[in-house]
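One-letter residues, chain by chain:
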Amino acid sequence: MDDLFSGLDKAEEEMAEGAWLLRRYAFDNAGDLLAQIEGISATAPFRHMVTPGGFSMSVGMTNCGPFGWVTDRKGYRYQKTDPESGQPWPAMPETFLSLAIDAAKDAGYADFVPNACLINRYEPGAKMSLHQDKDERDFTNPIVSVSLGLPATFQFGGINRGDPVRKYPLSHGDVVVWGGPSRLFYHGIMPLKEGTHDAAGRARFNLTFRHAAL
Ligand code: MD3
Ligand code: FE
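Quick caveat, the model's predicted, so the values are computed rather than measured.

Calculation rules
- Residues numbered from 1 in each chain as written.
- Chains lettered and ligands numbered in written order.
- Predicted model: local features only at pLDDT ≥ 70, side-chain atom pairs only at ≥ 80, totals over all residues.
- Heavy atoms only, no water.
- UniProt positions renumbered as here; feature names shortened; annotations may be inferred.
- 1 Å grid on protein atoms, 1.4 Å probe; cavity = no way out; pocket = protein on both sides within 12 Å on 5 of 7 lines; lining within 4 Å.
- Helix = DSSP H or I, 4+ residues; strand = E, 2+ residues; numbered from the N terminus.
- Contact = heavy atoms within 4.5 Å.
- Polar contact = N/O pair within 3.5 Å; in protein donor to acceptor, adjacent residues only side chain to side chain.
- Buried < 20%, exposed > 50% of the residue type's maximum accessible area, 1.4 Å probe, protein only.
- Donors = N, O, S within 2.8 Å, 3.2 Å for Na, K, Ca; no water.
- Pairing = 2+ DSSP bridges.
- Axes fitted to C-alpha atoms, helices over the stretch in contact; angles between N-to-C directions.
- Near = heavy atom within 4 Å.
- Areas by Shrake-Rupley, 256 points an atom, 1.4 Å probe, with all protein chains shown as cover.
- Sits in = over half its atoms within 2 Å of the grid points.
- Nonpolar A, V, L, I, M, F, W, Y, C, P; charged D, E, K, R; others polar.

A. How the structure looks around the UniProt feature "binding site: Fe cation" (unreviewed entry) in the chain. Residues annotated by UniProt as "binding site: Fe cation" (unreviewed entry) correspond here to H131, D133 and H187. Look at the named residues: they lie 57 residues apart in sequence, but the longest C-alpha span between them is just 8.8 Å, so in the fold they bunch up. From this annotated list, the subset lining the largest pocket comprises H131, D133 and H187. Within the element layout of this structure, H131 appears in strand 7 (residues 128-131). Sequence-distant contacts of H131, that is, excluding residues within four places in its chain, are made with F185, Y186 and H187. There is a polar contact of 2.9 Å between the side chain of H131 and the backbone oxygen of S129. Examined against the element boundaries, H187 turns out to sit in strand 12 (residues 187-189). Of the residues examined, H187 reaches a relative accessible area of 16% and is grouped as buried.

Laid out in structure tokens, this is it:
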């Protein structure tokens, strides 16, 4: 048993000013989203990127859409091509785009149109340390995140690294829209617990829809 919710348990909660947790919002689309992730990763495989400090990330990453987020020894940035292939990132599927636009609208961000989707793959033990997302340059746009597969514990802090951190479970189909003051809040993911998910196997996937500006 991976978790105790079903697709019928949709619920909305404001986690902080501007940050809306839409529980199970993507539950009915999850099978389609997972199939699209498989297709994207056949062209642009998940890889463990290296941070500017020289550490290999435990989370596997790829992208779709006009821009993709990358890190290497030179720094963090968005770019139009996959550094592994030199080719443009795979197109953003229509189902991804409409889900992100609809969720942003429901959370009060009517003008959001993402041009980048980072796809994270966590296997048991993988984590993401507390950080801010600030490579997009324009923070008036929200970020929309979609959780799929194994559940994870999300850590949500404040605008300063030392602010107190609250923990939230994020499960299959949960969507969060991060805008307003929460857009630059520190956040992270605790090491993924061992498990197997019916639809996603031994993994958690997270989509983050962003508007990158050059
Ligand atoms: C809060 N991903 O890719 S999604 C990331 O589950 C990232 O893979 C995590 O943090 C994951 O950068 C967390 C939730 C999330 C995404 C973006 C945020 C929370 C956020 C931006 C601002 C504040
Ligand atoms: Fe982040």
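B. View of the coordination of the iron ion (ligand 2). Donor atoms from the polypeptide that bind the iron ion (ligand 2) are H131 (NE2), D133 (OD) and H187 (NE2), placed at 2.0 to 2.2 Å. Linear spacing of the donor residues for the iron ion (ligand 2) on their chain is H-x1-D-x53-H. Residue H131 is located in strand 7, and its partner H187 is located in strand 12; the two are separated by 56 residues in the primary sequence. Each member of the pair, H131 as well as H187, is classed as buried.

C. Main features of the sheet that holds strand 7. As summarised here, the arrangement of the four strands in space is 7-12-9-10, forming an open sheet in which the pairing is antiparallel. Edge positions in the sheet fall to strand 7 and strand 10 (166-170), since each has one partner strand and no second. Shown here is a sheet whose adjacent strand axes are inclined to one another by a mean of 20°, direction ignored. Judged from the five bridges that link them, strand 9 (residues 152-156) and strand 10 form a sheet pairing that is antiparallel. From the neighbouring strand, Q155 faces strand 10, where its bridge partner is K167.

D. Quick look at the site of ligand 1. Residues in close proximity to ligand 1 total 19 residues, the closest being N120, Y122, W178, H187 and R204. Within the side chain of R204, one N or O atom sits 2.8 Å away from an oxygen atom of ligand 1. Within the complex, 98% of the 500 Å² of free accessible area of ligand 1 lies under protein. Cavity membership is defined here by more than half of the atoms lying within 2 Å of grid points; on that basis ligand 1 lies in the largest pocket. Elements with a contribution of two residues or more to the shell around ligand 1: strand 6 (116-122), strand 7, strand 8 (143-149), strand 12 and strand 13 (204-210). The leading source of residues in the shell around ligand 1 is strand 13, at four residues. Classifying every residue of the shell around ligand 1 gives eight nonpolar, seven polar and four charged.

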